[in-house]
Amino acid sequence: TNMDEFAMGSTTETSAYGETKNPWNTEHVPGGSSGGSCAAVAAEECSFALGSDTGGSIRQPSSFCGVTGIKPTYGTVSRYGLIAYGSSLDQIGPVAKDDCATILEAITSYDKKDSTSVKRDDTDFTSALVDDVKGMRIGIPKDYFGEGLNPEVKDAVLAAAKVLEEKGAIVEEFDLGLVKYAIPAYYVIACAEASSNLARFDGVKYGYRTKEYEGLHN
């Protein structure tokens, strides 16, 4: 399962192993950074896969490839063995066609080797898979429907909400005014933590070391 190097990317074009194509249309990217996982599931090369999500790296490629991806609640899945990008944000989660809840149940557990791991008792995720959505509250953050949103995407999201509403769900808009600070806050946290976590990959102690170089950048 290919990915953008160090999970830094949103297209799976920056891998040392070459780029990954979207199986639905090879002229398009599969998203990233976990584009390889999502492309493999979409192409039915595997039943499910795992991805790592810091700022959307499971959710975004899942959307691009037409599969389901979940970024679990922080601390639900152990990150022991994961190369950290932004420790305050990284999570491991499942990618599948339709059975992410089952996979999440299998990979959820407390791990003493992960200092952010949480002891949870409420891990019966499959019990939530019911056809009846009556009374379920669906929130539409109106701040997401402003400038920069593709009209086709907006229409698709609202059409899905309409279907849920017709089946008995309560659909309502809500204010998420602080969302304008989300991306700046993300970049401060992610870049600061990445520069600390990945400083070891200097081409001397760890990581790729080029045979021909003219300076530190190479």
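Structure: above.
As a starting point, this report considers the structure included with it. (Residues numbered from 1 in each chain as written. Predicted model: local features only at pLDDT ≥ 70, side-chain atom pairs only at ≥ 80, totals over all residues. Heavy atoms only, no water.)

**Section: the overall build of the protein**
- Of regular secondary structure, the protein possesses five helices and five strands.
- Ordered by position in the sequence, the α and β elements of the protein form the string α-β-α-β-β-α-β-α-β-α.
- Principal-axis analysis of the C-alpha atoms gives the protein an extent of 65 × 40 × 40 Å.
- The buried share of the protein, taken over its 218 residues, is 33%.
- Partitioning the intrachain contacts of the protein with sequence separation of at least 6 by distance along the chain shows that 59% fall at a separation of at least 24.
- In the structure as shown, the protein presents an accessible area of about 14,200 Å², 53% of it carried by carbon and sulfur atoms.
- Charged side chains of the protein number 20 positive and 32 negative; the gap between the two group centres comes to 6 Å. (Helix = DSSP H or I, 4+ residues; strand = E, 2+ residues; numbered from the N terminus. Buried < 20%, exposed > 50% of the residue type's maximum accessible area, 1.4 Å probe, protein only. Contact = heavy atoms within 4.5 Å. Areas by Shrake-Rupley, 256 points an atom, 1.4 Å probe, with all protein chains shown as cover. Lys, Arg positive; Asp, Glu negative; His and termini not counted. Charge placed at Lys NZ, Arg CZ, Asp CG, Glu CD.)

**Observations regarding a nonpolar patch on the surface**
- Nonpolar side chains collect at one region of the surface, where F6, M8 and I83 lie side by side and expose about 260 Å² of accessible area between them.
- Summarising the element assignment, F6 is placed in the segment before α1 (35-42). (Patch = residues over 30% accessible without salt bridge, like charges linked within 9 Å, V, L, I, M, F, W, Y side chains within 5 Å. Salt bridge = Lys/Arg side-chain N within 4 Å of Asp/Glu carboxyl O.)

**Comments concerning the packing of aromatic side chains**
- Taken as a whole, this structure holds three aromatic pairs when the rule is applied.
- Ring geometry for Y186 versus Y187: centroids 5.2 Å apart, planes at 75°, classification edge-to-face.
- Taking the centre distance of 6.0 Å and the plane angle of 55° together, the rings of F201 and Y206 count as tilted.
- Overall, the relative accessible area of 47% leaves Y206 in the partly exposed class.
- Through pairs of rings, three or more aromatic residues link up here, namely F6, F201 and Y206.
- The side chain of K119 reaches across the aromatic face of Y110, ending 4.9 Å from its centre. (Phe/Tyr/Trp six-rings, centres within 6.5 Å; stacked < 30°, edge-to-face > 60°. Lys NZ or Arg CZ within 6 Å of the ring centre and 35° of its normal.)

**Focus: the side chain of S117**
- Looking at the secondary structure, you find S117 in the loop between α3 (100-107) and β4 (137-141).
- Here S117 falls in the buried class, since its relative accessible area comes to 10%.
- One polar contact links the side chain of S117 to the main-chain amide nitrogen of D111, over a distance of 2.9 Å.
- With residues near it in sequence (within four places) discarded, S117 still touches G75, S109, Y110 and D111. (Polar contact = N/O pair within 3.5 Å; in protein donor to acceptor, adjacent residues only side chain to side chain.)

**Remarks on the environment of T102**
- Topologically, T102 is positioned in helix α3.
- Along the sequence, T102 and D124 sit 22 residues apart, while their C-alpha atoms lie 8.9 Å from each other.

**Describing α3**
- Looking at α3, one finds that the buried residues are C100, A101, I103 and L104. Viewed end-on, α3 has its buried residues packed into an arc of 160°, placing them on one side of the element.
- On its buried face, α3 sits against β1 (48-53), β2 (68-69) and β3 (91-96). (Arc of directions from axis to C-beta.)

**Some thoughts on unusual backbone geometry**
- Residue S33 is reached from G32 by a cis peptide bond, and omega for that bond is 10°.
- Examined against the element boundaries, S33 turns out to sit in the segment before α1.
- Within the chain, E44 stands out as a residue other than glycine whose phi angle is a positive 60°.
- Along the chain, the position of E44 falls in the loop between α1 and β1.
- Accessibility expressed as a relative area gives 63% for E44, which makes it exposed.

**Here we look at the nonpolar core**
- Counting nine residues, the largest nonpolar core is built from C38, A39, V41, A42, A49, I58, C65, V67 and V95.
- Sort the elements by how many residues they give to this core and α1 lands first, with four residues.
- In this structure A39 touches T20, K21, P23, P30 and C65, once residues within four positions along its chain are discounted.
- Membership of the second largest hydrophobic core comes to six residues, among which are A7, A190, A194 and L198. (Core = buried A, V, L, I, M, F, W, Y, C linked by side-chain atoms within 4.5 Å.)

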